[in-house]
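# Tertiary structure, described
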Amino acid sequence: MIIVEKENIPLIRVENLKKYYPVKGGIITHTTGYVKAVDGVSFSVMRGQTLGLVGESGCGKSTIGRQLVGLETPTEGKIYYDGVDLAALQKDRKQMREVRTRLQMIFQDPYSSLNPRKHIYEILAQPMLYHQIARRDTVEKEILRLLDMVGLPRTVLGRYPHEFSGGQRQRIGIAKALSLNPEFIVCDEPVSALDVSIQAQILNLLKELQKELGLTLLFVGHGLGAVNYVSDQIAVMYLGKIVEYGDAKDIFHHPVHPYTQALLEAVPIPDPTEKGRERSLLQGEIGSSTCPPEGCRFHPRCPHATAQCRQEIPEMQEVNGTVGKALEADAESRRAQGRNAGSVKAWEADTESVKPWEADTESMKTREADTGSGKAWEADTGSGRMRAAEIGDRMTGDQEQAENPGVHMTACPVVLNGQAEARKLWGNIF
């Protein structure tokens, strides 16, 4: 099957995606209900871009990723790859097999995603041989190319996964995903199990590989700084639904939905002067995916919930110019008065969490065991410094954003009702 590139068509498009898991019970086992892990999600990812997926544990982020690469079958909805419905390809095994090579996944746990009974040569060679990406006489050359690409020495081919550190194992997982020459990769929290210094290296590696190979990524994560660092667009999920979606700058500079604002507000600030700062933390318990709340799923924890929120399921709508300008003007005024300095520092502090190379450069150079090469550490460190300037550009892009506004959508009717509600909402949060 030959996939023809089409201009202005997203590489990945998802329409009303749902995934329900049956709950069994009773003396005679039968279905008593469903866990609504993903419930009516729609989004698109343009070729060469990164979509960040953020939310609490259990909100359905990883389930979406597994459906995109074919590890889970959707209960309802459509997934389009380069304009082709993947469900329609299920009948043609040959075509589906070819498409599967272009949709790959980097798993969250580097310790369990590699077969402990096989050495690295087998782990990387078998997928390429099975899908005829390489022949037996050329596969070793391809493996060495992959190792160079992810910053591992060529002497590791005969070693087993337990002989590597966590950072090295994750690099092997990235090499395994790249071995089939994919166009789209789901990064399922690829840095959550790693220490901070190794997180920076993996994030830098992903960005370099994306630029070099033209990859399209879905980045699932909890760390808001890491997600903002690698993403062009961000989708915020809560209990199986997307509650806010837009360009990364819009989401981080002018969050609209109360849940998004609460996520940013919860970021710890490593500043003793901010120790006594009051935070608008969420109250109440997270709802159940088995029996989600009526209406807006966030309303039991939302301090601005109205009767409309408790009765009607909100639809995603674009944030209009009036609301957006009101939020921007109010935020700018509070910045000038120093009233919301804490929230700005929260963004900066969370972003700093992906820049440990400046403080840990010396220790990184001495830890050759994690990369097998001191030069690889130095290369990652230098790349990190270059990325520091990029983060600064992204976090101070208000003027560019005003000149070139992007898509910004939310599912909060309180904000969309008008300027007065938006100004009140922003003031109460910050």
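Treat the numbers as computed from the prediction; the structure is a model and nothing was measured. (Residues numbered from 1 in each chain as written. Predicted model: local features only at pLDDT ≥ 70, side-chain atom pairs only at ≥ 80, totals over all residues. Heavy atoms only, no water.)

For a regular strand, side-chain orientation follows a simple rule: the groups alternate between the two sheet faces. Counted residue by residue, strand 10 (residues 241-247) has 5 buried out of 7 residues, so it is predominantly covered. Of the pairings in the sheet, the one linking strand 9 (residues 233-238) to strand 10 comprises 6 bridges and is antiparallel in character. Counted as the bridge partner of Met237 is Ile242 from strand 10. Across 3 bridges, strand 10 lies against strand 12 (residues 408-410) in antiparallel orientation. Paired with Gly246 across the two strands is His408, which belongs to strand 12. (Buried < 20%, exposed > 50% of the residue type's maximum accessible area, 1.4 Å probe, protein only. Helix = DSSP H or I, 4+ residues; strand = E, 2+ residues; numbered from the N terminus. Pairing = 2+ DSSP bridges.)

Moving on to the packing of aromatic side chains. Scanning all chains against the criterion turns up 4 aromatic pairs. Taken together, the ring pairs in this structure connect Tyr238, Tyr259 and Phe298 into an aromatic cluster. Positioned over the ring face of Tyr80 is Arg13, at 4.1 Å from the centre of the ring. Positioned above the aromatic ring of Tyr130 is the side chain of Arg97, whose terminal nitrogen or guanidinium carbon lies 4.6 Å from the ring centre. (Phe/Tyr/Trp six-rings, centres within 6.5 Å; stacked < 30°, edge-to-face > 60°. Lys NZ or Arg CZ within 6 Å of the ring centre and 35° of its normal.)

On to the sheet that holds strand 6 (residues 103-106), then. Pairing in this open sheet of 8 strands is mixed, and the strands run 6-7-8-3-9-10-12-11 from one edge to the other. Whereas interior strands pair on both sides, the edge strands pair on one side only; in this sheet they are strand 6 and strand 11 (317-318). The sheet strands contacting helix 6 (residues 166-178) are strand 6 and strand 7 (184-188), and the helix crosses strand 6 at an angle near 175°. (Contact = heavy atoms within 4.5 Å. Axes fitted to C-alpha atoms, helices over the stretch in contact; angles between N-to-C directions.)

What follows is about the environment of Glu15. On the secondary structure map, Glu15 appears in strand 1 (residues 12-25). Overall, Glu15 belongs to the partly exposed group, its relative accessible area being 33%. As a C-alpha pair, Glu15 and Gly40 span 25 residues in sequence and 7.7 Å in three-dimensional space.

One pass over the full model with this rule turns up 14 salt bridges. Here Glu15 makes a salt bridge to Arg13, at a shortest N to O gap of 2.1 Å. With its nearest N and O atoms 3.9 Å apart, the salt bridge here joins Lys18 to Glu76. Of this pair, Lys18 sits in strand 1 while Glu76 sits in strand 4 (residues 76-81), placing them 58 residues apart in sequence. Members of the salt-bridge network, linked through shared partners, are Arg47, Asp82, Glu98, Arg102 and Glu183. (Salt bridge = Lys/Arg side-chain N within 4 Å of Asp/Glu carboxyl O.)

This paragraph deals with the sheet that holds strand 2 (residues 30-45). Spatial ordering of the open sheet is given by 2-1-4-5, a layout of 4 strands whose pairing is antiparallel. One side of each edge strand has no neighbouring strand; the edge strands of this open sheet are strand 2 and strand 5 (84-85).

Among the nonpolar cores identified, the biggest contains 60 residues, and Ile143, Leu147, Ile174, Leu178 and Ile234 are the most heavily contacted of them. Considering each element in turn, this core owes the most residues, 7 residues, to helix 5 (residues 139-150). When near neighbours in sequence (up to four residues on either side) are disregarded, Leu178 contacts Leu146, Met149, Val150, Ile185, Leu209, Leu213 and Leu215. Among the nonpolar cores identified, the runner-up in size contains 31 residues, and Val45, Leu53, Tyr81 and Leu218 belong to it. (Core = buried A, V, L, I, M, F, W, Y, C linked by side-chain atoms within 4.5 Å.)

Another point: the pairing of strand 3 (residues 50-55). For strand 3, the tally of buried residues reaches 6 of 6 residues, placing the bulk of the element in the interior. Side-chain alternation along strand 3 places Thr50, Gly52 and Val54 on one buried face and Leu51, Leu53 and Gly55 on a second face that is also buried. Across 5 bridges, strand 3 lies against strand 8 (residues 216-221) in parallel orientation. Among the inter-strand pairings, Gly52 is bridged to a residue of strand 8, identified as Phe219. Pairing between strand 3 and strand 9: 5 bridges, direction parallel. Its bridge partner lying in strand 9, Leu51 is registered against Gln233.

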